[in-house]
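Next come the chains, spelled out residue by residue.
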Amino acid sequence: MGKKLGLVLAGGGSLGAYEVGALKALNELGLKFDIVTGTSIGAINAFFVATNQIDKLVELWENITIEQVVKNSVNINAKLITKFSFKKAFKALRAFGRIKRANITPFKDLCKKNIDPNLIKEDTAKIGIVATEFPSFKKRKIVLNEIPAELRLQFLHASSACFPIFPIEKIKDKHYVDGGYKDNMPVEYCFELGADEIILIDMGMPKIPRREERLCSLPNVKRIQNKSRFKSIMDFERETLDNNIKQGYLDAYKSFGRYIGKKYYFIKEESIVDKENELVKKIIKKPRLFSLYLKNRKEKCNIIYLFVECLLNRIKANKLVSYKFNEAILLVKANYKMLRKKEKELLKLIEEIYL
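Everything numeric here is computed off the predicted structure, so don't read it as measured data.

1. A short note on empty space enclosed by the protein
Empty space among the atoms becomes visible once a probe the size of a water molecule is rolled across them.
Thought 1: Inspection of the entire model under this criterion finds 3 cavities of 30 Å³ or more.
Thought 2: In this model, the largest cavity occupies a volume close to 280 Å³.
Thought 3: Residue lining of the largest cavity: 24 residues in total, with I41, I44, W61, I64 and F107 positioned closest to the centre.
Thought 4: Contributions of two or more residues to the lining of the largest cavity are made by α2 (41-50), α3 (54-61) and α6 (105-114).
Thought 5: In terms of residue class, the lining of the largest cavity is made up of 17 nonpolar, 6 polar and 1 charged.
Thought 6: By volume, the second largest cavity amounts to about 50 Å³.
Thought 7: For the second largest cavity, the full set of lining residues is I104, F107, K108, H157, S160, A161, F166, P167 and E169.
Thought 8: Of the residues that constitute the lining of the second largest cavity, the class distribution is 5 nonpolar, 2 polar and 2 charged.

This is how it looks when you write it as structure tokens:
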């Protein structure tokens, strides 16, 4: 028997869009999983992965709105503050201010319409999800393949009961809240279910426990990680979701070597890398540029691409597209006036060697 490949999907509310972008890329790469574990929105996404419905999952996330999640609500994001209005503020307070009034009927209807528990068959990848018992706060691990079909959707809701934003979920005589309280990235659980190698999609939630961090660093765990500034888990604004999907897609391909870069995405060209030493020799002779070299030399990415990132960052170039080297340089030149003196000097050196 070959090695079993596992997939771990973290929780993070609307950041689940990032997961979906990464899943789209993994699907294009032809990866199939024997085991999928997930928490909260990761548990719901896990169902679609295991039942081979990636296209349907992408379509759902490309069309979802806040009104399909919480009735009479607004997106919780920076605009709620920067573009403050009493009407929106009151609407948010009414929707989220008291748990008993948070109406997630639209979300449950959306799930009921699109999740068919009977699609889990004997040959379906094993789906392990995490919920938290309430009020004891004990971790509950559930393998959806091993429970009755009529309980599967209920436990998906239990895993994603993002208390205190969402209400507590009751199943039979027990109460549950979001699995993220106990295990937001169920890597260990994926190993327990038999995975030999794991791909983890980490949405960049803060405060990861040390044990979990160590597991994420194992050589048989490939981590696709959202390294951008932490965002709201209740922001379902269309532009935000689309950007999260794009970033997840690009980060997944970066983790598999199609793109390189720290904050940007470059198509790696060996002819560019081959001339890197020539550029470095010239830079270390320039006092103004030497500090830039020292700042970036320990990064894993090739130094030439990090230099180009500095230039792209100065002109505030789009971070959610992939660049060829020459395209990036031409874009910088087109915005030459935005560069500072040191950056203009760097651009001149790059042009001398590469163009």
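2. Details of the packing of aromatic side chains
Thought 1: One pass over the structure, following the stated rule, counts 15 aromatic pairs.
Thought 2: When the centroid spacing of 5.6 Å and the interplanar angle of 50 degrees are considered together, the rings of F134 and F163 count as tilted. Here the residue F134 occupies a position in strand β3 (residues 126-134), and F163 occupies one in the loop between α7 (149-159) and β5 (169-171), the gap between them amounting to 29 residues.
Thought 3: Seen from their ring centres, Y259 and Y265 are 6.4 Å apart, and the 75 degrees between their planes marks the pair as edge-to-face.
Thought 4: Residue classification places Y259 among the buried residues on the basis of a relative accessible area of 10%.
Thought 5: Put simply, the rings of Y264, F266, Y305, Y323, F325 and Y354 pair up and form one aromatic cluster.
Thought 6: One cation-aromatic arrangement involves K222 over F256; the distance from NZ or CZ to the ring centre is 4.7 Å.

3. Topic: the sheet that holds strand β9 (residues 259-260)
Thought 1: With mixed pairing, 3 strands are arranged side by side in an open sheet as β9-β10-β11. Every other strand in the sheet has two partners, leaving β9 and β11 (322-323) as the edge strands with one partner each.
Thought 2: In this structure, strand β10 (residues 265-267) lies alongside β11, joined through 2 bridges in parallel fashion. Residue pairing in the sheet places Y265 in a bridge with S322 of β11.
Thought 3: The strands that helix α14 (residues 303-314) touches are β9, β10 and β11; relative to β10, the one it contacts most, it runs at about 130 degrees.

4. Re a nonpolar patch on the surface
Thought 1: A surface patch of nonpolar side chains, about 230 Å² in accessible area, is lined by I284, F290 and L294.
Thought 2: Summarising the element assignment, L294 is placed in helix α13 (residues 287-296).
Thought 3: With relative accessibility at 39%, the residue L294 sits in the partly exposed group.

5. Notes on the nonpolar core
What tends to happen in soluble globular proteins is that the nonpolar side chains get buried as a cluster.
Thought 1: Counting residues in hydrophobic clusters, the biggest one holds 81 residues, and the most contacted among them are L7, L23, W61, L144, F155, L156 and I201.
Thought 2: The greatest single-element share of this core, amounting to 8 residues, is contributed by α2.
Thought 3: Excluding residues that lie within four positions of it along the chain, L144 makes contacts with I120, I127, I129, R152, F155 and L156.
Thought 4: In this structure, Y264, F307, I315 and I350 belong to the second largest nonpolar core, which totals 33 residues.

6. Re the pairing of strand β2 (residues 35-39)
Thought 1: A large share of β2 lies buried, amounting to 5 of its 5 residues.
Thought 2: Along β2, one buried face is formed by I35, T37 and T39 and the opposite face, lined by V36 and G38, is buried too.
Thought 3: Summarising the sheet, strand β1 (residues 5-9) and β2 pair through 4 bridges and their orientation is parallel. The residue of β2 that forms the bridge with G6 is I35.
Thought 4: Each parallel crossover has a hand, and for β1 linked through helix α1 (residues 16-28) to β2 it is right-handed.
Thought 5: Looking at chain direction, β2 and β3 are connected through 5 bridges and run parallel.

Rules and cut-offs
- Throughout this description, residue numbers start from 1 for each chain and increase along the sequence as written.
- For this predicted model, a pLDDT threshold of at least 70 governs which residues receive local features, and a threshold of 80 or more governs which side-chain atom pairs are given and counted, while totals over whole chains, interfaces and linings are taken from all residues.
- The basis for every side-chain value is the complete set of heavy atoms in the structure, and neither hydrogens nor water enter the calculation.
- Buriedness for pockets is judged along seven lines, at least five of which must meet protein on both sides within 12 Å for an open set on the 1 Å grid over protein atoms alone, while cavities are sets there where a 1.4 Å probe fits but cannot get out, and lining residues have an atom within 4 Å of a point.
- Grid points are joined across faces, edges and corners, and a volume is the space filled by probe spheres set on the points.
- Only DSSP runs of H or I with at least four residues qualify as helices, and only runs of E with at least two residues qualify as strands; both kinds are numbered from the N terminus onward.
- Three categories are distinguished: nonpolar for Ala, Val, Leu, Ile, Met, Phe, Trp, Tyr, Cys and Pro, charged for Asp, Glu, Lys and Arg, and polar for the others, with Gly belonging to the last.
- The rule is short: rings of Phe, Tyr and Trp, with Trp giving its six-membered ring, pair when the centres are within 6.5 Å, and they are stacked under 30 degrees, edge-to-face over 60, tilted in between.
- Whether a residue is buried, partly exposed or exposed follows from its accessible area with a 1.4 Å probe, protein chains only, as a fraction of its type maximum: under 20%, in between, or over 50%, in that order.
- As a reminder, the over-ring test applies to NZ of lysine and CZ of arginine, requiring each to be within 6 Å of the ring centre and within 35 degrees of the ring normal.
- The criterion for strand pairing is that DSSP finds at least two bridges linking the strands in question.
- Should any heavy atoms of two residues lie within 4.5 Å, those residues are counted as being in contact.
- Only the contacting stretch of a helix is used when fitting its axis, a line to C-alpha atoms as for every element, and angles between N-to-C directions run 0 to 180 degrees.
- Patch membership requires over 30% relative accessible area and the absence of a salt bridge. Like charges are linked within 9 Å, and nonpolar side chains (Val, Leu, Ile, Met, Phe, Trp, Tyr) within 5 Å.
- Working definition of accessibility: Shrake-Rupley area with a 1.4 Å probe, residue cover restricted to the visible protein chains.
- The term salt bridge refers to a pairing of a side-chain nitrogen on Lys or Arg with a carboxyl oxygen on Asp or Glu at a separation within 4 Å.
- Residues grouped as a nonpolar core are buried Ala, Val, Leu, Ile, Met, Phe, Trp, Tyr and Cys residues, joined through side-chain atoms within 4.5 Å.
- With its strands directed away from the observer, a crossover is right-handed exactly when the path from the first strand over the helix to the second travels clockwise.

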